[in-house]
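Summary of the model geometry
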Amino acid sequence: MDNNNFEQQFTQNVKSTMPQPAMETPVGSSKLPLIIALALAAITLVESIVLIIAFVNFFGEDTSEEIINEDISVEENNYYQYDNDGNLVSLNLTCTAEDGAKYVLTNSKTYEHRDASGSVTNSGDYSIVNDSLVSLTSSNGNKVLYYDWVSLADELTLYDCDEDSGATSSTE
């Protein structure tokens, strides 16, 4: 019996040290991770393409503003002058009030104020701030006018600006 007992022990030891057989998995579940991986890869590819298009549109050169500025540019008719940043720097206009008084602004950044009879009452230099404020400087003091691309406002007096006539010379 000792021999029989030895065989039983040996058989038990061999069975316990042998690796256990792997559990069988259903055939359909082994494809599930592959399907999920392919779906995630497709989603990542689509997101990458959308992101590339968004970056190109966002960081791409926008020429539409330049084309618009070229089309509406009034520098050719010499009424308005702009600096390199697109800020209005000078006007070449004659603005007339209802009583006949005028402001004459030139591209050389000088101005004249004339009364209804045409006599010069004030003259000097001007500068434009924020495309809408015209700061006048003369020996009589400083004054600020509001410009809305149609008229100048001097306190409560409106001067309608006429681009077609342009600014006249001081020898008028």
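Scroll up to find the structure.
Definitions and limits used
All residue numbers refer to position in the chain's written sequence, counted from 1. Predicted model: local features are reported for residues with pLDDT of at least 70 only, side-chain atom pairs are reported and counted for 80 or more only, and whole-chain, interface and lining totals are derived from all residues. Note: side-chain values were computed over all heavy atoms of the structure, leaving out hydrogens and water. Two strands qualify as a pair provided DSSP detects at least 2 bridges between them. Runs of H or I in DSSP of at least four residues are treated as helices and runs of E of at least two as strands, each being numbered from the N terminus. Each axis is a line fitted through C-alpha atoms, and for a helix only the stretch in contact is used; angles between axes span 0 to 180 degrees, taken between their N-to-C directions.

Right, let's get into the sheet that holds strand β7 (residues 133–138). Here eight strands make up a closed barrel; going around it, the order is β3-β4-β5-β6-β7-β8-β9-β10 and the pairing antiparallel. Ignoring strand direction, the axes of neighbouring strands in this sheet form an average angle of 30°. Pairing of strand β5 (residues 110–114) with strand β6 (residues 120–129), which is carried by five bridges, proceeds in the antiparallel orientation. Note on β6: the bridge partner recorded for Thr 110 is Asp 125.

Right, let's talk about the pairing of strand β2 (residues 88–91) for a bit. Inspection of the sheet shows strand β1 (residues 80–82) paired to β2 by three bridges, in the antiparallel sense. Along β2, the bridge assignment pairs Gln 81 with Ser 90. Two successive antiparallel strands, β1 and β2, enclose a turn made up of five residues, where Gly 86 displays a positive phi of approximately 85°.

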